[in-house]
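# Commentary on secondary and tertiary structure
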Amino acid sequence: MRGNDLPKLEDVARLAGVSTATVSRCLNSPGQVVSKTREKVLNAVNELGYLPNSNARALAANRSNIIGAIIPTMENSIFASGLQAFQEVLNGAGFDLLVASSSYDQGTEEKQIRSLVSRGAEGLFLIGTDRSSAIYDFLNERNVPFVVSWSHHSSGKRREAGHFVGFDNSAAMQEMTEKVISFGHRRVALISGILKNNNRSVERVAGYTKAVEDANLPVHVYESPFDFDAATEVFKSIMKDVDPPTAVVCNNDVLAAASVLAAKALGLRVPEDISITGFDDIQLASVVEPHLTTVRVPHRRMGADAAKSLIRQISNDAGFENIKLETRIVERASLAQPRAHVIKI
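Reference entry: report on the structure contained in this document. Note that the structure is a prediction, hence the values are computed from the model and not measured.

## Re the overall build of the chain
- In terms of regular secondary structure, the chain is built from 13 helices and twelve strands.
- Relative to the compact-globule value of 20 Å for 345 residues, the chain shows a C-alpha radius of gyration of 26 Å, a clear excess of over 25%.
- Taken across its 345 residues, the chain has 48% of its residues classed as buried.
- Put simply, 70% of the contacts in the chain that link residues at least 6 apart link residues at least 24 apart.
- Accessible surface, the chain as shown: approximately 16400 Å² in total, 48% of it carbon and sulfur.
- The centroid of the 38 positive side-chain charges in the chain is displaced by 4 Å from the centroid of its 39 negative side-chain charges.

What follows is the structure, encoded as structure tokens:
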């Protein structure tokens, strides 16, 4: 059907035998229309296949009902459940969600932010704090509400911090590393995700570093892209060291699962020969064998609370919000006391 042939509001009114004002009221405020009339209008809408012009309504009301979200990657499930909960809350409030992926590139994210705002996004959901002051100026000058998630900072200027709904990455990794050390490990290595433009990884490295330094242990940090093949090679290179670690903590579950598979490929038993821990507690953590000891992040609550915070901002019903969520360690089978002697590859 060509654009000019699409059913119009007038066509619905004619078929239903009512005025166009009644059709509009039925679609926008159905509770104000008696049930018999509403039924006639909806039958006409279904018969004709009429779709309300939401763009026209949005322009008239100076509203788009669109929220933008920019996540670092869609290649693994780290952000999936949080984004799902975010969308569910938005849908319940009548908002639509547009999602983009920055590939951990600051320039790409800033272009996406500008594009989403130009398309009428009423608010933005952002991950982490690594972006320029210029983009914060851009958002604040245009009074575009935004919420920063997956991170939490108790201080900072309002214009740069935005509204936080997240958790303390450094404290969570410090607690995990201290847990590993409490099992008796004295050679503990960290496999981190890419550090550039990723304040979450930087903060987790800081938490690991504090824990091992407080225990007077050496710091061993290795960087890897967030994929199985790269993490596998990093793990294998670690285990070829002259004095290999007895435990490897990873700053997400993808890197940890890859490390478990790499250990098995090297003939190592987990956790008898090498302990491995993760971070996030995504579904993968309880699928890989042995199941991963990991940090549980409240992904769904974080996404839902971020959506509620953003809706409050858009409705001018919120002052500055800084919501800190708690993480916790989930102990499973991948962590144990170290062997009496070191396994060398």
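On we go.
## Concerning the sheet that holds strand 8 (residues 247-250)
- With respect to topology, four strands assemble into an open sheet ordered 7-6-8-9, the strand pairing being parallel. Strands with a single pairing partner mark the edges of an open sheet, and in this sheet they are strand 7 (221-223) and strand 9 (275-277). Neighbour-to-neighbour, the strand axes of the sheet open up by a mean angle of 20°, direction not taken into account.
- On top of the sheet, helix 11 (residues 228-239) reaches strand 6 (188-192), strand 7, strand 8 and strand 9; it is set at about 160° to strand 6, its chief contact.
- Helix-sheet contacts for helix 12 (residues 253-265) involve strand 6, strand 8 and strand 9, and the interaxial angle to strand 9 is about 160°.

## A few points about unusual backbone geometry
- Here the bond from Val 270 into Pro 271 is cis, since omega is 10°, no more than 30 degrees from zero.
- With respect to the helices, strands and loops of the structure, Pro 271 is situated in the loop between helix 12 and strand 9.
- Residue Asn 65 is not a glycine yet carries a positive backbone phi of 60°.
- Positionally, Asn 65 belongs in the loop between helix 4 (54-61) and strand 1 (66-71).
- When its relative accessible area of 29% is taken as the criterion, Asn 65 is described as partly exposed.
- Look at Asp 280: it is not a glycine, yet its phi comes out positive at around 125°.
- On the secondary structure map, Asp 280 appears in the loop between strand 9 and strand 10 (294-296).
- Residue class for Asp 280 comes out buried when judged on its relative accessible area of 2%.

## Some remarks on the side chain of Glu 109
- Among the structural elements, Glu 109 can be located in helix 6 (residues 106-118).
- If we skip the residues at most four places from it in the chain, Glu 109 touches Ile 70, Ser 102, Leu 126, Asp 130 and Arg 131.

## What about the pattern of salt bridges?
- Applying the stated criterion across every chain yields a total of twelve salt bridges.
- Measuring nitrogen to oxygen at the nearest pair gives 3.0 Å for the salt bridge that ties Arg 14 to Asp 11. Highlighted residues: Arg 14 and Asp 11, both in helix 1 (residues 9-16), separated by three residues, approximately one helical turn.
- Assessed through its relative accessible area of 61%, Arg 14 is described here as exposed.
- The salt bridge partner of Arg 269 is Asp 273, with a shortest N-O separation of 3.3 Å.
- Classification of Asp 273 as buried rests on a relative accessible area of 12%.
- Via salt bridges that share partners, Arg 269, Asp 273 and Arg 339 belong to a single interconnected network.

Conventions used here
Residues numbered from 1 in each chain as written. Predicted model: local features only at pLDDT ≥ 70, side-chain atom pairs only at ≥ 80, totals over all residues. Heavy atoms only, no water. Helix = DSSP H or I, 4+ residues; strand = E, 2+ residues; numbered from the N terminus. Rg over C-alpha atoms; globule rule 2.2 N^0.38 Å. Buried < 20%, exposed > 50% of the residue type's maximum accessible area, 1.4 Å probe, protein only. Contact = heavy atoms within 4.5 Å. Areas by Shrake-Rupley, 256 points an atom, 1.4 Å probe, with all protein chains shown as cover. Lys, Arg positive; Asp, Glu negative; His and termini not counted. Charge placed at Lys NZ, Arg CZ, Asp CG, Glu CD. Pairing = 2+ DSSP bridges. Axes fitted to C-alpha atoms, helices over the stretch in contact; angles between N-to-C directions. Salt bridge = Lys/Arg side-chain N within 4 Å of Asp/Glu carboxyl O.

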